[in-house]
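Structural characterization, general
One-letter residues, chain by chain:
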Amino acid sequence: RGILGWREVGTMKIVIMGGGVIGVTGAYFLARDGHEVTVLDRQPVPANETSFANAGLVAPGHSYAWASPQAPMIMLRSLWRDGQSLRLKPKFDPHMWLWCLKFLGQCTTERARINTTRKLGLCVYSQKLLHGVVQHTNVAYDRRAKGCIYLYRTPAALEKGVLKTKILADSGQQFEVVDGGRAAEIDPIFAPVKDKFAGGIYCPTDESGDVNMFTRGLAEFCRRELGVSFEMDTTIRGIDVAGGRVERIVTDKGDFTADHYVLSLGSYSPFVARKIGINLPIYPVKGYSLTLPVGPQHEAPNLGGVDEENLVAFTRMGDRLRLTATAEFSGYDTTHEPSDFAAMLAAARDMFPNGGDYSRPTYWAGLRPMTPEGTPIFGYGRYDNLFMNTGHGHMGWTMSCGAGQITADLIAGRQAQIDLAGMMMQS
């Protein structure tokens, strides 16, 4: 069947492993191609892990590669100094050290430029597709499309930030360098605190929204309108393979068979892949977030952004203010305690003294599935019916719709609409 003029392809059965924003957007685009799609996830509802409470920024204007010439020293200093943008907590885990070696291999000026440019291309493409998905589905997710602002407290930091934008600007991304007064014009919430900032970088095309609300709303649309089956509370036990193909997915709720399979399990994709001899260069990077209630008496920001020197992102989501911080290499630990959020709260109070109800924070920590390059993995390797759509790192929300369309194109045998150099699965 063809939907809204999309190219008709032969109907196939497809099983997607993973019910986060990547799995659900993949299901949407595959179902729109006319396929019979089933999504498997161990959680009771979609978007209950990495897609639960992230920063909410849809931000091509902030799509820098984490691997850079400065990153190794930042990680090294984090062993004895707090407040580093990348924080390393060593584990007796060979997968961590192997990943770190590959990450260090990407920490050159040239590799940072290549990886950032590739991330930007995918993010811009994906944002355009997100707008089409929203138009088609009318999914609500507390969207704010007023741009995002990236603030710097010192002139030296602002100068470095402006220099950093050159890679993105050379590829066509729009920016405006602003002082405190202009920042207050863009969002009056900054008027009382404008003297605390040397200035910022405003990206008018960036936006924000609640990825959890979006994913669950899209999943419901897929179920109701496109016939997608969601098998929740279903834990994958293994994969049976033979003759270079996947034959079935073995779960605690029985076996699932299909013509094609898609691996979208985020940070947990390597566990499943290793069972069939595939080593994915993905490792979790822990992030922390807190959410504050916002009432009529509060003065919360009207657009999303980042306090760059305190490394705190902020996003207004309806009657909530989301704050996020930290990139911590600490394995698969998602535990947290209130003290982990103290610096984040202090920075937020400094920016937004009446931004929300600071007495009622909701805490959360989740895992970003990072590749050393910062770009995701697509396509298939040694099994020609097992497709990868995983490893989107800290920009899974921004990349999700583009990743879903790319996966649908590859399964249909169509050429992707963007260059996938460096992002295709290696056999």
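A brief structural summary. (Residues numbered from 1 in each chain as written. Predicted model: local features only at pLDDT ≥ 70, side-chain atom pairs only at ≥ 80, totals over all residues. Heavy atoms only, no water.)

1. Describing the pairing of strand β13 (residues 260-263)
Put simply, the test is: Partly exposed residues are those whose accessible area sits between 20% and 50% of the maximum for their type, while under 20% is buried and over 50% is exposed, using a 1.4 Å probe and protein chains only. Labels follow the DSSP assignment, with helices taken as runs of H or I lasting at least four residues and strands as runs of E lasting at least two, numbered in each case from the N terminus. When DSSP finds two or more bridges between a pair of strands, those strands are recorded as paired.
Burial along β13 is two-sided: H260 and V262 and Y261 and L263, pointing in opposite directions, are all buried. Judged from the four bridges that link them, strand β1 (residues 13-17) and β13 form a sheet pairing that is parallel. The residue bridging M17 from the neighbouring strand is L263, located in β13. Relative to strand β20 (residues 386-390), β13 runs parallel, the two sharing three bridges. When the sheet's bridge partners are listed, V262 is paired in β20 with F387.

2. Observations concerning the sheet that holds strand β19 (residues 377-379)
Defined as follows: Each axis is a line fitted through C-alpha atoms, and for a helix only the stretch in contact is used; angles between axes span 0 to 180 degrees, taken between their N-to-C directions. The criterion used for residue contact is that any of the two residues' heavy atoms lie within 4.5 Å.
Pairing is mixed in the open sheet, where six strands are placed in the order β9-β2-β1-β13-β20-β19. Each end of this open sheet is capped by a strand with a single partner; those strands are β9 (229-231) and β19. Neighbour to neighbour, the strand axes of the sheet diverge by 20° on average, direction disregarded. Relative to the sheet, helix α11 (residues 396-412) contacts β1, β13, β19 and β20, its axis offset from that of β20 by approximately 165°.

3. Examining the environment of K286
Put simply, the test is: For the purposes of these results, a polar contact is taken to be a pair of N or O atoms within 3.5 Å, where, inside protein, one atom must be able to donate a hydrogen and its partner to accept one; residues adjacent in sequence count only when each atom of the pair is a side-chain atom.
Considering the arrangement of structural elements, one finds K286 in strand β14 (residues 283-293). Owing to a relative accessible area of 1%, K286 belongs among the buried residues under this scheme. For K286 and K146, which are 140 residues apart along the polypeptide, the C-alpha to C-alpha distance reads 28 Å. Leave out the neighbours within four places in its chain, and K286 touches T326, A327, E328, S330, D333, T334, T335, A365, G366, L367 and R368. A distance of 2.6 Å separates a polar atom in the side chain of K286 from the backbone oxygen of T335.

4. Here's the deal with the pattern of salt bridges
Operational definition: The term salt bridge refers to a pairing of a side-chain nitrogen on Lys or Arg with a carboxyl oxygen on Asp or Glu at a separation within 4 Å.
Counted by the stated rule, this structure contains 25 salt bridges. With a closest N to O distance of 3.3 Å, D240 and R248 form a salt bridge. Under the relative-accessibility criterion, D240 is labelled partly exposed at 30%. Since its relative accessible area comes to 27%, R248 is described here as partly exposed.

5. A word on the sheet that holds strand β12 (residues 254-256)
Reading across from one edge, β10-β11-β12 is the order of the three strands in this open sheet, with antiparallel pairing throughout. Each edge of the open sheet is held by one strand with a lone partner, namely β10 (236-242) and β12. Across this sheet, the average inter-strand angle for adjacent strands is 25°, counted without regard to direction. Summarising the sheet, strand β11 (residues 245-251) and β12 pair through three bridges and their orientation is antiparallel. By the bridge assignment, V250 is partnered in β12 with D255.

6. Examining the nonpolar core
The test is simple: Remark: nonpolar core denotes a set of buried residues (Ala, Val, Leu, Ile, Met, Phe, Trp, Tyr, Cys) joined through side-chain atoms within 4.5 Å.
Ranked by internal contacts, the top residues of the largest apolar core, which has 34 residues, are F214 and V228. Contributing elements (two or more residues each) for this core: β1, α1 (21-32), β2 (36-40), α4 (109-137), α8 (211-226) and α11. Ranked by the residues each element gives to this core, the list is headed by α1, at eight residues. Not counting residues up to four positions away in its chain, the partners in contact with F214 are V21, T25, L130, V133, V134, V139, A140, Y141, W397 and C401.

7. Observations regarding helix α5 (residues 155-164)
The cut-off we apply is this: The arc in question is traced by the directions running from the helix axis to the C-beta atoms.
Within α5, the full set of buried residues consists of A157, L158 and G161. In an axial view of α5, the angular spread of the buried residues amounts to 100°, which keeps them on one side of the axis. Along α5, exposed side chains directed more than 90 degrees from the buried face belong to P155, E159, K160 and L163. Looking at the buried positions of α5, the neighbouring elements they touch are β5 (148-152) and β7 (199-203).

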